Amino acid sequence: MIENPVGKTMKGSDISAPKSFAHRVSSRLYTNAKLRLRLLIATPLLWLALVYVAALLALFVTAFWTMDSFTGEIRADWNIENFVKLFTNSLYQTVTLRTLGIALLVTVVDILIALPIAFFMAKIASPRMRGILVISILMPLWASYLVKAYAWRSVLSNEGILQWLLRPLGLDTPGYSLVGAALTLGYIWLPYVILPIYTGLEKVPQNILEASSDLGAKTWSTLRLIVFPLLLPAIAAGSIFAFSLTMGDYITINIVGGATQMLGNLVYTNVGTANNLPMAAAIAMIPIAIMFIYLSVIRKTGALDNL
Amino acid sequence: MVEQTPAISLRGLTKSFGSVTAVSNLDLEIKSGEFFSMLGPSGSGKTTVLRMIAGFELPTSGHVFLDGEDVTTKAPFDRDVNTVFQDYALFPHMTVLENVAYGLRVRGVGKREREAAAVEALSTVRLADFGGRKPSELSGGQRQRVALARAIIVKPKVLLLDEPLGALDLKLREQMQIELKELQRELAITFIFVTHDQEEALTLSDRVAVFNQGRIEQIGSPQELYERPQTPFVAGFVGTTNLLEPQDTQALFGKAIKGSIRPERIKLTTQNSVATHSGKVIEAIYVGSATRVHIKLDAGPEVTALVLSGSDSSESWSRNQEVQVVLNEKDLVQLETK
Amino acid sequence: MSKTPLKLSALIVGMALALSGCAASGGQTSGKLQSLGDNEKTLSLLGWPGYAEDGSNDPAYDWVTPFEKDTGCQVTFKSYGTSDEALNLFKSGDYDVIAASGDATLRLIASGDVQPLNTDLIPSYKDVYPFLKGQAWNTVDGETYGVPHGYGANLLMYNTEVVKPAPTSWDVVFDKASAYKGKVTAYDSPIYIADAALYLMKHNPDLGITNPYALDADQLAAAVDLLKAQKDNVGEYWSDYLKSIDSFSTGNSVVGTTWQVIKNFMPEGSTVEAVLPSEGATGWSDSWMVSSTTKSPNCAYAWLNYIDTPEANAAATEYFGEAPATAGACEFGSKGFCDSYHAGDEAYAAQIWYWTTPIAKCLDGRTDATCTDYSEWTTAWQEIKG
C-alpha cells in the first residue's frame, strides 16, 4: 500500500504540534461563554464608565464647590451652600415645577397624538402607505432642531399661520409662551414617541387582536383591554424620550417661550452669564434626580427592555 | 319535511387577494352539531374560508349565513362563532383565568360570575388549577386547552378551529384529538376544523371537505372520502393510494379507466396463479405495524402494497424478489377525469 | 469683597510678566509697556461679531488685511455672543487682545487678565472723543486698560401704529407697560437691571440712586421689584438682536429696549421708531484690551492704534452699527452714518450710562455703603425671570 505522505504529515501535525497561543485563546473563548461575553462588553462598558459615569460624578462633585463671584475663579472648598440655595430659594422650586409641568404636558400630548398615528401605521395602512408614513415621520429628524424651533417661532407669531388659522374661530395664537413652547417641544419630540409605539404595535400579533374581537370585544374594548396594556412598555419608552428631552431643553424655550424659563435656562445662565459652574452643576442635579425617579418608575413597566 | 336550518351556509363565496384568488365561488352547508373538517394542503383556501366565517376577512363576493342569518358584513364581535387560533393567540399580559373570562368580561358579566364560569371552563379542559398562571408559563398542550376554554366559555353556536393541533408533538396531538372529540360531543355545538393532516380529519370528523386550489374537490364522510374518492387529488391526499392510468387498468383489469387502488387492498403471495400478476420487489420498507412493498409489475405500472405485520403475507420481502400480486377489481375505484 | 485675591493675582500676573517680559522686545516696568519693539508674527483677537472683518464674510468689508500688510502681524479672530462668553474664552489665555464691553472690562481688570496700557505708544488715542476716555469701564486707579472702539445706546423702540402718543419716557415699559401687556420686550441680561435703576434714579429720587451701576441692597431690591412688575407685561426677552428684529416686524413686540442697529435693520415698511427717552439710557462703550500674558505686545499695540485710526474705526463701527470712537471716522463712513448714531454728540452721549460691571465697591463713590456685585445681579435677574 502506498502511503499518502501529505495525509500523514497533516494528520501528524494536527495531533502533535503544540497549540499556538492564539489557538488556545480561541478555544478557551469558544468554550467559555461567560468570558467571551465579558470581553465583548468590556470596551463599551469602559467607555460608558468614562464618558457617562465619570462625567456625572464630576458634575456632582463640582456642585459642592464655590465660585469667587468677583474674579470668577472656581474654588474647591467643599460646602453644600449651592444645595441649600436649591431647597430654600423659591426660584428653583418654581422653575422646577414649571419644567416638570411642561415635560409632563409634552409627554402626555405626544403620547395622545402618537397612539392613533402609530396604530394607523402598524395595523391599518398598506405596506406602501406605511413606508411613506415612516419616512414622513422620520423626515423632520433630518432638519436641525434650531430650524424647527425657529420655524415654530414664525408659526406662532402674531402674523403666523396659527393666528391665520385660529382667527376665524375667534381664537388667538398662543404666541411666545409656555403653551407655545409646549407645542413646539411636542412637535420636535413627536417622532421619538411615535417610533417606539409603532414598533411596539407591530410586535402585537394580529391574531391577538382578532381573538379579542372574536370573543366579542368591540374596538374600544380591544384597545383598552388588549392593545393598551401590551403597548404600555412601548408608550413608556416613548415617554422617556419626550420627558427627558423636554426636561433638559433650554433652546426651544428661549426661542418660543417668551418671557419664561426652564431649568435648562438656569443652568445656561449660571454657566454662560454668571460663570458659576458649581451652581449650574447643582441645578443640573435636579433634572437628573427627576429622571432617576422617572426611570425607576418606568422600569417597573418593563419599558427599559424595549429601548 | 322541513329541512333543519344549517349552522353555516356559504353561497358563492369568493375571496381574492389582488390577482390571487384564494377561494373561488364556494358553496357549502354545515349542519348544526356537526364536526366538520376542512382538509387541504396549505394555500388551498381552507383557512381563508374559516376566516371569512369568523369575520376576519370580508368576501370579495358571496354570502355567509350563520343559522340562516346573513352575517357577511358583520364584525367578528357580532357573530356567534368563536375561533381557536393556530398559535392560540392567548393574551400574554393576562392570567389564564383572565384569558378564559375575557369573552364574558367584554359582555359585561360581573367579575365573580365570570371567574366562576372561567374556572368551570378550565376544569372542562382539565386545567382548573392553572388559572393564576401566565400563558408563558404553560406548555403547548396546556395553552391549546386554555384557548379552547376561552372560546367555549361564551357558548358559541359554532366553534372554528384553525389547525389547533399543528404545533403539538405527535403523542400530545393524538391525546388532544380524543379530547376535542369528547368536548364536541359534550357541548353539542358545531365544530369546524381546519387541518392539513388527513388522518386527523378522518379520525375526528363527521364530514370532511377536501380543498384544492380554492375549491372543494369532494365533501363526504371519512369513509366515503377514503373508500370512494372522486378525483385523483382526493384519492392521493386522503390516505395513500396507487393511481392507475387507463392503459394500466386495461392491462390489469381489462377496462380502461382512471382508477385508484389502496395499498392495503393489494395482497402479495409467492404462489403463482391465474388471478395474480407477477412482478418484482423494488423496495420493501418496514414501518413497524406494516411493511410497504414497492413492486414493478410485469404488466407495466408500479404499485405499492401495504402488508400488515403478522398477516399471512407478512413474510419478509426483499429487493429484486419475484412476487405475485393479487388485485381485486372490486377494490378499484374509478376516478373522474378532467 | 476682600482685596486679597486681587493683590495676589496681580502679584502672580506681575511675576508672569516679569518672566515673559524678557522674551518680549521692548522694556516693561510694572506691567506696562514702555517702548515698542519689532512686531511679532501673529496676533489673536477676540471680539463681538463684526469687530474684525477680513473680507471672508463680505469682500466689501475688510479692515484686517490692510493692517496685516502694514504691520506683518498675522491676525486670527474669534467672535463671541455675550460678555460672559467673552470672559470665559479670554481666560483660556489663547487671545492677545479682546474687545470688551463695560460689563466685562472691570471683571477682566480685576482678575488680572488684561494689562494697563501706555497710551503714549498709541498715537491714534489722542483723537478719541474725550468723553470716552478715563471712564469707569476702561480706567482703574488712573491706569488706562482699554482704548475705545465705539459706543451706542440702548434705545427705546416702539411700534408707531400701536404705541400712541409717541413715548418720550421709559415709563411705557415700566409704570405704563400694562397697556402693552404681552408685547413689551427687554434685554435678556443681568445688566438690564441698570435700565430699571436708571428709571428709578429719575422717578424715585428717595432711593438715592446716583449711578445705575452702583446699587446697594435696598436699591437693587427696588429695581428688582420694578422688573418683576414689568415681567408680567413682557412678551419675551431678547439677547439675539435678530430675534428682536423678528419680534418687532411680526408685531409680537411693540415696545422695548433696542439698539440702533436693530432699528437700522428693520425690514422695509416697518412702523417702528427708536428714541432716546428723557431719562437717558444705558449703553455700551467697547474697549480693546491687551492680555496680561500676551506674547505679541507690539502687534497688540499696533492693532489698538490701528482700530482708532479714522478709516478703520469708521469701517468697523459702521459695520456693526454703533457710533465710532473718533471724530475722524465720520469722514470715512457713508453719508449720515455719524448722524444716525449721534457720534460725537456730547449731549447725547452724556445721557448714556455705559455698561459697567457692578462691583461691591460702589462706583458712585459712596464709602458708607456696600454695593451689590454682578453675581448678585445675576441671581436677581434669574429671580426676576422666575
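Residues numbered from 1 in each chain as written. Chains lettered and ligands numbered in written order. Predicted model: local features only at pLDDT ≥ 70, side-chain atom pairs only at ≥ 80, totals over all residues. Heavy atoms only, no water.

Moving on, we come to the pattern of salt bridges. Taken as a whole and judged by the stated rule, the model has 29 salt bridges over all chains. We note a salt bridge from Glu236 of chain C to Arg153 of chain A, for which the minimum N-O separation is 2.6 Å. Residue Glu236 of chain C is found in strand S10 (residues 234-238), and its partner Arg153 of chain A is found in helix H7 (residues 145-156); the two belong to separate chains. For Arg153 of chain A, a relative accessible area of 2% gives the class buried. The residue Lys32 of chain C makes a salt bridge to Glu143 of chain C at a minimum N-O spacing of 3.0 Å. (Salt bridge = Lys/Arg side-chain N within 4 Å of Asp/Glu carboxyl O. Helix = DSSP H or I, 4+ residues; strand = E, 2+ residues; numbered from the N terminus. Buried < 20%, exposed > 50% of the residue type's maximum accessible area, 1.4 Å probe, protein only.)

This paragraph deals with the sheet that holds strand S7 (residues 158-162) of chain B. Strands pair in a sheet through their backbones, by hydrogen bonds, and they do so in one of two ways: parallel or antiparallel. All names here are of chain B. Taken together, the six strands give an open sheet; going across it, the order is S6-S7-S8-S3-S9-S10, and neighbouring strands pair in mixed fashion. Two strands close off the open sheet at either side, each with one partner strand: strand S6 (81-84) and strand S10 (215-220). Looking at each pair of strands side by side, their axes are set apart by 20 degrees on average, direction ignored. By the bridge criterion, five bridges tie strand S9 (residues 207-212) to S10 in an arrangement that is antiparallel. Across the sheet, Ala209 pairs through a bridge with Ile219, a residue of S10. Strands in contact with helix H5 (residues 170-187) are strand S3 (35-39), S7 and strand S8 (190-195); relative to S8, the strand with the most contacts, it is inclined by about 155 degrees. (Pairing = 2+ DSSP bridges. Axes fitted to C-alpha atoms, helices over the stretch in contact; angles between N-to-C directions. Contact = heavy atoms within 4.5 Å.)

On to the domain arrangement of chain B. Residue and element names in this part refer to chain B. For chain B, the assigned domains are domain 1 (8-237) and domain 2 (242-334). Averaged C-alpha coordinates put domain 1 and domain 2 at centres separated by 39 Å. Contact with domain 1, which involves seven residues of that partner, is made by eight residues of domain 2. Summed over both sides, the interface of domain 1 with domain 2 buries roughly 650 Å², with 47% coming from carbon and sulfur. Joining domain 1 to domain 2, the criterion identifies one salt bridge. Put simply, domain 1 and domain 2 have four residue pairs in polar contact (both at pLDDT 80 or more) between them. Contributions of two or more residues to the side of domain 1 that touches domain 2 are made by helix H7 (222-227) and helix H8 (232-237). If you tally residues by element for the side of domain 1 that touches domain 2, the top one is H7, at three residues. (Domains from an automatic or database assignment. Buried area = accessible area lost by both parts, 1.4 Å probe. Polar contact = N/O pair within 3.5 Å; in protein donor to acceptor, adjacent residues only side chain to side chain.)

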